[in-house]
Every structure is written in C-alpha cells, then in structure tokens.
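Structural features, examined
The lines below spell out each chain.
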Amino acid sequence: MSKNSAIEFRPLAGALGAEVLGADLKDDEAFEPIFAGLMEYGVLMIRDQDLTPGQHKAFCQRIGDPLPVPFVHTLEDHPEIIAVIKEADERTRMVFGGTWHTDFSFLAAPPKASCLYAREVPPFGGDTLFASMTKAYEALSSGMKALVENLNVVHSGRRSYGPVGAFANAQLDSMSVTASDDGDAEVIHPVVAVIPENGKRSLFINDIYAIRFDGMTEPESAPLLKFLCEQARRPENLCRLTWQRGSVALWDNRTTIHYAIDDYDGYRREMHRVTIAGEPLQGIRQGIQ
Ligand code: SIN
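Nothing here was measured: the structure is a model prediction, and the numbers come from that model. (Residues numbered from 1 in each chain as written. Predicted model: local features only at pLDDT ≥ 70, side-chain atom pairs only at ≥ 80, totals over all residues. Heavy atoms only, no water.)

Re the nonpolar core
As a reminder of what qualifies: Only buried residues count toward a nonpolar core. Its members are Ala, Val, Leu, Ile, Met, Phe, Trp, Tyr and Cys residues joined through side-chain atoms within 4.5 Å. Residue exposure (1.4 Å probe, protein chains only): buried if accessible area is under 20% of the type maximum, exposed if over 50%, otherwise partly exposed.
Among the nonpolar cores identified, the biggest contains 59 residues, and Ile34, Ile46, Phe96 and Tyr161 are the most heavily contacted of them. One finds Met144, Leu203, Ala210 and Leu225 within the second-largest nonpolar core, a separate group that totals 25 residues.

Regarding the sheet that holds strand 12 (residues 238-241)
Adjacent strands of a sheet form backbone hydrogen bonds with each other and so pair up, either parallel or antiparallel. Definition in use: Two strands qualify as a pair provided that DSSP identifies no fewer than 2 bridges between them. Secondary structure counts use DSSP, requiring at least four H or I residues in a row for a helix and at least two E residues in a row for a strand, with both numbered from the N terminus. Note on definitions: angles span 0 to 180 degrees between N-to-C directions of axes, and those axes are lines fitted to C-alpha atoms, for helices only across the stretch in contact.
Pairing is antiparallel in the open sheet, where 3 strands are placed in the order 12-6-14. Two strands in the sheet have a free side with no partner beyond their single neighbour: strand 12 and strand 14 (256-260). The average angle at which neighbouring strand axes cross in this sheet is 25 degrees, direction not considered. Relative to strand 14, strand 6 (residues 128-132) runs antiparallel, the two sharing 5 bridges. Following the sheet pairing, Ser132 is matched in strand 14 by Thr256.

Topic: the side chain of Arg254
What counts, and what does not: Any two residues whose heavy atoms approach within 4.5 Å at even a single point are treated as in contact.
Following the sequence through the fold, Arg254 ends up in the loop between strand 13 (248-252) and strand 14. Since its relative accessible area comes to 6%, Arg254 is described here as buried. Every residue in contact with Arg254, bar those within four places of it in the chain, is listed here: Met39, Pro111, Lys112, Ile195, Pro196, Glu197, Ser202, Phe204 and Leu281.

Shown next, in the form of structure tokens:
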C-alpha cells in the first residue's frame with residue numbers, strides 16, 4: 001500500500017493551516033489529496049521529506065509551472081529554485097521574507113502557490129507566520145465589503161527591488177538579489193480576488209507590495225490599506241509554522257500572506273523555495289480586473 005493512501009490533515013489553528021501526516025511527496029499519489037488540503041486550509045506543513053531539487057520541482061509541477069524567479073539569483077542548475085539563507089554570522093539586519101507579504105504579488109499573473117523546503121534549521125526560532133486573507137475578507141462588515149469589492153489596487157516591487165528599494169541598499173550575505181528599474185513596475189489587481197478553484201474571496205493586499213488603490217494617491221490610500229493589513233494580522237487570523245529539517249510548507253499565494261521571523265542570530269537557516277506560476281486575478285464584478 002502506498003504511504004499516501006493514509007494521508008491525514010491535522011488543523012494547526014482556527015483560521016488556516018494544517019499539518020499533513022503520512023505523505024511522501026516523491027509519490028505521484030500524494031498530489032490530489034494534498035492539493036485538496038491546500039484549497040481547504042491555505043497552508044500545509046508536510047514533515048519528514050527527503051527531496052533533491054529535481055524532486056522538489058517535480059512535485060510542484062503537478063500544481064503548475066515553476067516560475068522563473070525575478071530579481072533573486074537562483075540555484076545554478078535550477079532557475080526556478082531560490083535558496084533562502086540566513087548565515088550564522090549574517091551582517092545584514094534583514095532577512096529575506098521578513099515583512100508581511102505574499103510572493104511576487106507585483107507580477108501581472110501573481111504566483112498560485114509557493115513551496116518551501118527546510119534544508120537546515122536553527123535549534124529554535126526561524127518560524128514562519130501565515131495569515132488568512134479569505135478570513136480577513138469574511139470578517140469585514142457588509143459596508144466595507146461593498147467598498148473594497150469595487151476597488152482595484154496597484155502592486156509594485158519597488159520598496160524591495162526598485163533602484164531605491166531595500167535590496168538596492170543592502171545585500172544579504174548568502175543571497176544575491178539584483179535591484180533594477182524593473183522593480184518599479186506597477187500592476188493592477190482587484191482588491192477582492194475570486195479564487196478559480198474554489199470560489200473563495202480573498203483580500204489581495206499586503207504591507208510591502210500593495211502601494212495604493214487604483215485612481216487614488218498614496219496618502220489617500222494609506223489609511224484604508226493600513227486598516228485592511230492590520231485586520232489580516234489579528235492573532236485569531238494567524239497560524240505559525242515551526243520548522244524541522246525536511247519539513248515542506250506549501251501555501252496558496254493568493255489567499256495567504258506570510259512573515260519569516262528573524263529571531264535566531266548565531267545559527268544558520270537554509271530553505272529552498274519553488275514559486276508556482278498563476279494567472280491574472282479576477283475580481284467579483286465585471287469591469288474590475
Ligand atoms: C519567503 O518569504 O518565501 C520565505 C519565508 C521563510 O523563510 O520562512
């Protein structure tokens with residue numbers, strides 16, 4: 001009997017997240033139950049995997065095409081895998097992923113999912129927090145829902161990858177990130193996206209890449225963006241993933257945001273990430289992108 005015929009999901013928190021027991025991601029039979037679990041829980045933690053970069057990509061390919069990664073230098077033989085590393089003696093006061101975000105939401109077709117594989121973890125700390133953007137939407141009043149359903153939002157990578165972004169000013173010790181004019185590009189998404197696979201409605205904003213509402217200035221947009229981001233980060237809307245070597249996290253990049261906690265100075269952490277291509281997001285109403 002395949003190991004995957006006994007896959008079990010144990011919820012990690014009320015809002016989102018489940019631990020997956022009894023799965024082997026090298027086995028094709030794992031895909032269907034895991035994808036169904038991803039659509040239900042938003043983020044999954046799959047323990048005790050032993051994957052080569054090729055096997056990691058092969059699993060992700062069942063979900064969609066691994067995305068050629070912009071700005072961040074990849075593994076030499078695998079242009080779809082980035083090594084997310086903080087060194088034990090890291091000199092930069094910054095970690096990759098250390099602000100609330102969803103991966104590359106500044107792309108016209110934002111990634112559908114991301115898959116992070118732990119290769120080396122500190123003895124404590126280095127957890128990743130996730131927030132449910134479907135629950136954040138559901139918690140809004142009917143009046144606020146009606147307001148945001150009619151808005152589009154401009155996303156840009158400029159605060160990270162533009163000529164004056166964080167990576168133009170500081171380089172991480174073991175990751176190479178090239179900031180450029182392309183980082184300043186802007187795209188427009190609906191504030192409330194409808195997820196094609198399950199019809200869920202999700203707030204598609206985050207602290208770092210959502211710059212302003214379409215048709216408004218940044219100062220005009222800031223108070224409502226701040227309110228929505230704070231709503232998403234309420235404790236009851238979160239789950240926390242604690243890593244072990246060999247753990248794999250898989251998240252729906254359209255319905256969650258995440259934050260890598262930088263609390264393990266003196267220890268090395270290395271993860272491999274595959275980002276899985278998505279499609280342009282659809283809003284609720286005709287005429288809203
Ligand atoms: C990321 O933002 O993809 C990295 C998350 C992490 O290192 O925990």
